[in-house]
Amino acid sequence: MCGVCGCGGGINPGTHEHGHDHGHHDHDHTTGDHHHDHEGFHEHVGPDGAVIRHSHEHDHSPGHAHDHGHDHDHGHGADEAGKSRLLRVEQDILAKNNAYAAANRELFAAAGVFAVNLMSSPGAGKTTLLVRTLTDLKGRHPATVIEGDQQTSLDADRIRATGVPAIQVNTGTGCHLDALMVTRAVGRLGLPPESLLFIENVGNLVCPAGFDLGEAKRVVVLSTTEGEDKPLKYPGMFAGADLLLVNKIDLLPYVTFDVGRMIGYARRIKPGLQVLEVSATTGAGLTAWYDWLAGGLDAAHRRRGHHDH
Ligand code: MG
């Protein structure tokens, strides 16, 4: 479940719903001793190497306010208690996420890896952009890709067809990647030194903004087939962005999208936000994107040298 928006069948204050399957860890709800501490998820690797991860990320660790030592008398309608419990769980989830993100960031820095968290609505063209980028940069920089989607390994399959190693993380009902998913995916992928790591987040302009993955930069992709007012509607996403890619500029003659107005909105949220206008299908504007990536990789390389010597 998402600690930011509560989506994904998570905690619902007052009704005692916490959408996880009790079948796989037998514990007794009648004893009041509820101290099993599982990692908050259940994961296995599919035949194609895809990580399938069931998202039920509540924390049963000791001290967590989740008391089963009574007759499941949750029908108290205690709104305030429920809200404060939800807030506490949300803080726990984000604190845990931040710890994993910090560890990821250390790992990337030590390896001189430039990690980019790519975020957008569904359909903005993240995967198409990545396929094009990896194809065009082949032989110039080593790269790996983590693909986040709720279901299927379709995107990772598209990436692997370029020859670049990719791992798919299925979040199930979860609406974003979190730092631990990245830790585990990186463990399976390996991190070539001084490489690009692209993390394609789940298509969603809300929840991914709340979860640091340990990336060096956040790139938001917005396409010309979307509403130009999206920066105003989803300010959290744009406030945290390091780069805005306006994709599908080849379609501008056929749509009413006003690029200038959209950039104005985005910079109202994040003054000075860097913007590149590109088309992943025609290749327009991509040289500037590749230069931006090379600059990031260069900085990661320099920081690594600084780290080591
Ligand atoms: Mg995709």
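Everything numeric here is computed off the predicted structure, so don't read it as measured data.

Rules used throughout
- Residues numbered from 1 in each chain as written.
- Predicted model: local features only at pLDDT ≥ 70, side-chain atom pairs only at ≥ 80, totals over all residues.
- Heavy atoms only, no water.
- Helix = DSSP H or I, 4+ residues; strand = E, 2+ residues; numbered from the N terminus.
- Buried < 20%, exposed > 50% of the residue type's maximum accessible area, 1.4 Å probe, protein only.
- Contact = heavy atoms within 4.5 Å.
- Areas by Shrake-Rupley, 256 points an atom, 1.4 Å probe, with all protein chains shown as cover.
- Pairing = 2+ DSSP bridges.
- pLDDT = per-residue confidence, 0-100.
- Right-handed = clockwise from strand over helix to strand, strands pointing away.
- Phe/Tyr/Trp six-rings, centres within 6.5 Å; stacked < 30°, edge-to-face > 60°.
- Polar contact = N/O pair within 3.5 Å; in protein donor to acceptor, adjacent residues only side chain to side chain.

**Student:** Provide a residue-level description of the overall build of the protein, including the pertinent values.
**Tutor:** Along its length, the protein carries eight helices and nine strands. When the 309 residues of the protein are sorted by exposure, 49% land in the buried category. Considering only contacts in the protein between residues 6 or more positions apart, those separated by 24 or more positions represent 72%. With an accessible surface of roughly 13,600 Å², the protein has 53% of that area assigned to carbon and sulfur atoms.

**Student:** Give me the lowdown on the pairing of strand β5 (residues 166-170), citing residues and values where you can.
**Tutor:** Summarising burial for β5: five of the five residues are buried, a large majority. Side chains Ala166, Gln168 and Asn170 project from β5 onto one buried face, and the interleaved Ile167 and Val169 project onto a second face that is buried too. When strand β4 (residues 143-149) meets β5, the two strands line up parallel, connected through five bridges. Looking at β5, one finds that Asp149 is bridged to Asn170.

**Student:** Which residues make up the confidence of the model for the protein, and what values go with them?
**Tutor:** Confidence in the prediction for the protein averages 83 pLDDT; 74% of positions are at 70 or higher. Confidence drops under a pLDDT of 50 for residues 53-74, and excluding neighbours within four residues, the segment shows 66 contacts in the predicted structure.

**Student:** Any chance you could break down the pairing of β4 for me, citing the residues and the numbers?
**Tutor:** In terms of burial, β4 is largely enclosed, as seven of its seven residues are buried. Burial of the side chains of β4 extends over both faces: Ala143, Val145, Glu147 and Asp149 are buried on one face and Thr144, Ile146 and Gly148 on the other. Bridge count for β4 against strand β6 (residues 196-200) is five bridges, and the pairing is parallel. Bridge pairing in β6 places Ala143 opposite Leu196. Crossover connection from β4 via helix α3 (residues 154-160) to parallel β5: handedness right-handed.

**Student:** How would you sum up the packing of aromatic side chains? Please name residues and give values.
**Tutor:** In the structure shown here, the tally under the stated rule is two aromatic pairs. Note on Phe114 and Trp292: the rings are 5.7 Å apart at their centroids and 55° apart in plane angle, and the pair reads as tilted. Of this pair, Phe114 sits in strand β3 (residues 114-120) while Trp292 sits in helix α8 (residues 286-308), and the two are 178 residues apart along the sequence. Trp292 matches Phe114 in its accessibility class, with the two residues each being buried. Relative to Trp292, the ring of Trp289 lies with its centre 5.7 Å away and its plane at 15°, an arrangement referred to as stacked. Note that Trp289 and Trp292 are positioned in helix α8 at a spacing of three residues, about one turn of the helix. For the pair Trp289 and Trp292, a shared accessibility class is recorded, and that class is buried. Chaining the aromatic ring pairs together yields one cluster made of Phe114, Trp289 and Trp292.

**Student:** A description of unusual backbone geometry should follow, citing residues and the corresponding values.
**Tutor:** Apart from glycine, the bulk of residues carry a negative phi angle, and the bulk of peptide bonds sit in the trans form. Backbone geometry places Thr152, a non-glycine residue, at a positive phi of 75°. Position of Thr152 among the secondary structure elements: in the loop between β4 and α3. Here the phi dihedral of Lys248 falls at roughly 65°; this positive angle occurs in a residue that is not glycine. Within the fold, Lys248 resides in the loop between β8 (243-247) and α7 (259-269).

**Student:** Break down the side chain of Glu215 for me, with residues and values.
**Tutor:** Along the polypeptide, Glu215 turns up in the loop between β6 and β7 (217-223). At 2.9 Å, the side chain of Glu215 and the backbone nitrogen of Leu213 are in polar contact. Apart from the residues within four sequence positions on either side, Glu215 is in contact with Arg105, Ala115, Val116 and Asn117.

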